[in-house]
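# Observations on the model geometry
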Amino acid sequence: LHQPYLAKHGESPNMAIFGDEEEESVDNWPEDKLYHAAKDSLETGQCGGAIENYQRLQTRYPFGPYASQAMLELAYCYYKSENSADALGQIDRFLQLNPTHPHKDYAYYLRGLVNFNIGRGLTARIVARDPSQRDPGAALRSFKDFSGLVKDFPKSRYIEDSKLRMLYLRNILAQHEVNVANFYMRRGAFVAAANRARNVVENFQQTPAMPEALVLLAKSYKVLELNDLSNDALRVLEINYPNHPGITEVNKTAVR
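Residues numbered from 1 in each chain as written. Predicted model: local features only at pLDDT ≥ 70, side-chain atom pairs only at ≥ 80, totals over all residues. Heavy atoms only, no water.

Turning our eyes to something else, we now look at the overall build of the protein. Tallying secondary structure elements over the protein gives 13 helices and zero strands in all. In sequence order, the secondary structure elements of the protein are arranged as α-α-α-α-α-α-α-α-α-α-α-α-α. Out of the 256 residues belonging to the protein, those deemed buried represent 46%. For the protein, long-range pairs separated by at least 24 residues make up 61% of all intrachain contacts whose partners lie at least 6 apart in sequence. (Helix = DSSP H or I, 4+ residues; strand = E, 2+ residues; numbered from the N terminus. Buried < 20%, exposed > 50% of the residue type's maximum accessible area, 1.4 Å probe, protein only. Contact = heavy atoms within 4.5 Å.)

In structure tokens:
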């Protein structure tokens, strides 16, 4: 699913690369030979070699017939190499230069994947960390990319995976808001806590973070002596989550 669309431009000239022209300098290779050499490396998982030839192709044939596809495939290689900055740069350049390209949906999908995986490198995989504790910037950008794909390309082959990732990201973003609300509550910044909790209640309904957000909203409003608002939040909590332990917490919360 994550493999890039590989354009068909004829058979890969492997015999030319490894046959009579073996001694020919790569600097003299024509565009099609450079492209197929890069694609062969990509298909066998050798992103280092692929990147070198895609870069050569871009430098020597920036407006050739392989240029657009090479941009996408180079971006994919950067993504697989965990070079998010260069991957995003390639994708943005591709979208700017090819606004009507038939594989524009893949560019949005790939950009979403790149942003989705920012902060999930080797260290993060070894040292388990709650993703809702990370800076939400990349998650927000990833959600926007997948959302744009779903909206603008409803028949794309990448729709189903994008929707699943959006659901996951939505849960992460909601929990991040709750984490921040809890931080403000502990420090007595009750207005800020209420604002964060209200954001979850208004914009992240049906996420696992929803009941905790209602608890925080009711508690912060109660401390601020906004009793009607506190009671409204508590009532929603009681109706939708009647056995939630936060109901008792709210009732025990004292005003300032």
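Now, onward.
So, about the packing of helix α4 (residues 67–80) against helix α5 (residues 84–97). Packing of α4 against α5 brings their axes to within 8 Å, and their N-to-C directions diverge by 160°. With respect to α5, the axis of α4 lies roughly antiparallel. The two elements α4 and α5 cross, and the hand of that crossing is left-handed. Mapping the contact onto sequence places Ser-68, Met-71, Leu-72, Leu-74, Ala-75, Tyr-78 and Tyr-79 in α4 and Asp-86, Ala-87, Gln-90, Ile-91, Arg-93, Phe-94 and Leu-97 in α5. The residue inventory of the contact of α4 with α5, partitioned by class, reads 10 nonpolar, two polar and two charged. (Axes fitted to C-alpha atoms, helices over the stretch in contact; angles between N-to-C directions. Parallel < 35°, antiparallel > 145°, perpendicular 65-115°, else oblique. Left-handed = near helix turned anticlockwise from the far one by under 90°. Nonpolar A, V, L, I, M, F, W, Y, C, P; charged D, E, K, R; others polar.)

Let's shift gears to the pattern of salt bridges. Scanning the model with the defined rule gives eight salt bridges in all. With a closest N to O distance of 4.0 Å, Glu-52 and Arg-56 form a salt bridge. Of the two residues, Glu-52 and Arg-56 both sit in helix α3 (residues 47–60), four residues apart, roughly one turn of that helix. Ionic pairing is found between Arg-198 and Glu-202, a salt bridge with its closest N-O pair at 3.7 Å. In this pair, Arg-198 and Glu-202 both sit in helix α10 (residues 190–203), four residues apart, roughly one turn of the helix. (Salt bridge = Lys/Arg side-chain N within 4 Å of Asp/Glu carboxyl O.)

For the rest of this paragraph, the subject is the confidence of the model for the protein. Mean pLDDT over the protein works out to 87, with 86% of the residues at or above the 70 mark. Mean pLDDT across the elements of the protein bottoms out in helix α1 (residues 14–18) (39) and peaks in α10 (97). Residue range residues 6–23 is modelled with pLDDT below 50. Its contacts to residues more than four positions away, or to other chains, number 29 contacts. (pLDDT = per-residue confidence, 0-100.)

So, on to the environment of Ser-147. One can find Ser-147 in helix α8 (residues 137–152). Distance from Ser-147 to Arg-165, taken between C-alpha atoms, is 9.9 Å for residues 18 residues apart in sequence.

Here the focus is the nonpolar core. Counting residues in each nonpolar core, the largest one holds 68 residues, and the members touching the most others are Tyr-54 and Leu-110. Excluding residues within four positions of it along the chain, Tyr-54 makes contact with Tyr-35, Ala-38, Lys-39, Leu-42, Ala-70, Glu-73, Leu-74 and Cys-77. (Core = buried A, V, L, I, M, F, W, Y, C linked by side-chain atoms within 4.5 Å.)

For helix α9 (residues 159–186), which comprises 28 residues, the first-to-last C-alpha distance of 41 Å matches the rise-based estimate of 40 Å (1.5 Å per residue) to within 8%. Residue Gly-188 follows α9 closely and has a positive phi angle near 75°. (Expected span 1.5 Å × (residues − 1).)

The next subject is the packing of aromatic side chains. Two descriptors summarise a pair of aromatic rings, namely the distance from one centre to the other and the angle between the planes of the rings. Under the criterion given, the structure shown has nine aromatic pairs. Seen in terms of ring centroids, Tyr-76 and Tyr-79 are 6.1 Å apart; in terms of plane orientation they differ by 55°. Their pairing is tilted. With a gap of three residues between them, Tyr-76 and Tyr-79 both fall in helix α4, about one helical turn apart. Relative accessible area serves as the criterion here: at 3%, Tyr-76 is assigned to the buried category. Pairing Tyr-106 with Tyr-158 gives two aromatic rings, centres 5.5 Å apart and planes at 50°, and the pair type is tilted. Linking Tyr-106 in helix α6 (residues 104–117) with Tyr-158 in the loop between α8 and α9, this pair joins segments that are 52 residues apart in sequence. Tyr-158 matches Tyr-106 in its accessibility class, with the two residues each being buried. The positively charged end of Arg-165 is found above the aromatic ring belonging to Phe-116, 4.7 Å away from the centroid. (Phe/Tyr/Trp six-rings, centres within 6.5 Å; stacked < 30°, edge-to-face > 60°. Lys NZ or Arg CZ within 6 Å of the ring centre and 35° of its normal.)

In the structure shown here, the tally under the stated rule is zero disulfides. Not part of a disulfide, Cys-47 finds its nearest cysteine sulfur in Cys-77, a span of 3.7 Å. What makes Cys-77 buried here is its relative accessible area of 0%. (Disulfide = S-S within 2.5 Å.)

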